Amino acid sequence: MDVEDLLPQVKVPTLVLHCRDEAVAPFEEGRLIAGLIPGARFVPLEGRNHLLLESEPAWAKFITEVRRFLKTGNT
């Protein structure tokens with residue numbers, strides 16, 4: 001499903017996290033999505049999995065970024 005045309009209409013705070021070496025979705029797709037959502041914040045993570053695992057080095061950054069996003073009232 002292609003929702004690219006709808007992304008500029010998103011009106012809620014948005015955090016996009018994407019692993020640089022992910023095998024499922026290209027890294028640039030995550031950057032593109034974040035760039036099309038007004039005010040979205042893009043955070044690159046080091047990793048290869050589409051679903052980040054707790055055992056991966058990027059897990060701590062993931063948790064930090066999600067907590068920061070939620071703490072700022074972006075819910």
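Here is what the cut-offs are and how they apply
- Residues numbered from 1 in each chain as written.
- Predicted model: local features only at pLDDT ≥ 70, side-chain atom pairs only at ≥ 80, totals over all residues.
- Heavy atoms only, no water.
- Phe/Tyr/Trp six-rings, centres within 6.5 Å; stacked < 30°, edge-to-face > 60°.
- Helix = DSSP H or I, 4+ residues; strand = E, 2+ residues; numbered from the N terminus.
- Buried < 20%, exposed > 50% of the residue type's maximum accessible area, 1.4 Å probe, protein only.
- Contact = heavy atoms within 4.5 Å.
- Lys, Arg positive; Asp, Glu negative; His and termini not counted.
- Salt bridge = Lys/Arg side-chain N within 4 Å of Asp/Glu carboxyl O.
- Polar contact = N/O pair within 3.5 Å; in protein donor to acceptor, adjacent residues only side chain to side chain.

Colleague: Run through the packing of aromatic side chains, naming residues and quoting values.
Modeller: Counted by the stated rule, this structure contains two aromatic pairs. When the ring of Phe-27 is compared with that of Phe-42, the centres are 5.5 Å apart and the planes differ by 65°; the resulting orientation is edge-to-face. With Phe-27 in helix α1 (residues 27–36) and Phe-42 in strand β2 (residues 41–45), the pair connects residues that are 15 residues apart, well separated along the chain. Given the relative accessible area of 12%, Phe-27 is considered buried.

Colleague: Outline the environment of Leu-15, supporting the account with residue identities and numerical values.
Modeller: Within the secondary structure layout, Leu-15 lies in strand β1 (residues 15–19). Owing to a relative accessible area of 18%, Leu-15 belongs among the buried residues under this scheme. With 28 residues separating them in the primary sequence, Leu-15 and Val-43 have C-alpha atoms 7.6 Å apart. Excluding residues that lie within four positions of it along the chain, Leu-15 makes contacts with Arg-41, Val-43, Glu-65, Val-66 and Phe-69.

Colleague: Would you mind going over the side chain of Glu-22 in detail, with residue names and values included?
Modeller: Position of Glu-22 relative to the elements: it lies in the loop between β1 and α1. It turns out Glu-22 is buried and unbridged, and the closest side chain with the opposite charge, Arg-48, is 11 Å from it. Side chain to side chain, Glu-22 and His-18 meet in a polar contact 3.2 Å long. A distance of 2.9 Å separates the side chain of Glu-22 from the backbone nitrogen of Ala-25, its partner in a polar contact. In this view, Glu-22 contacts Gly-47, Arg-48, Asn-49 and His-50; residues no more than four positions away in its chain are not counted.

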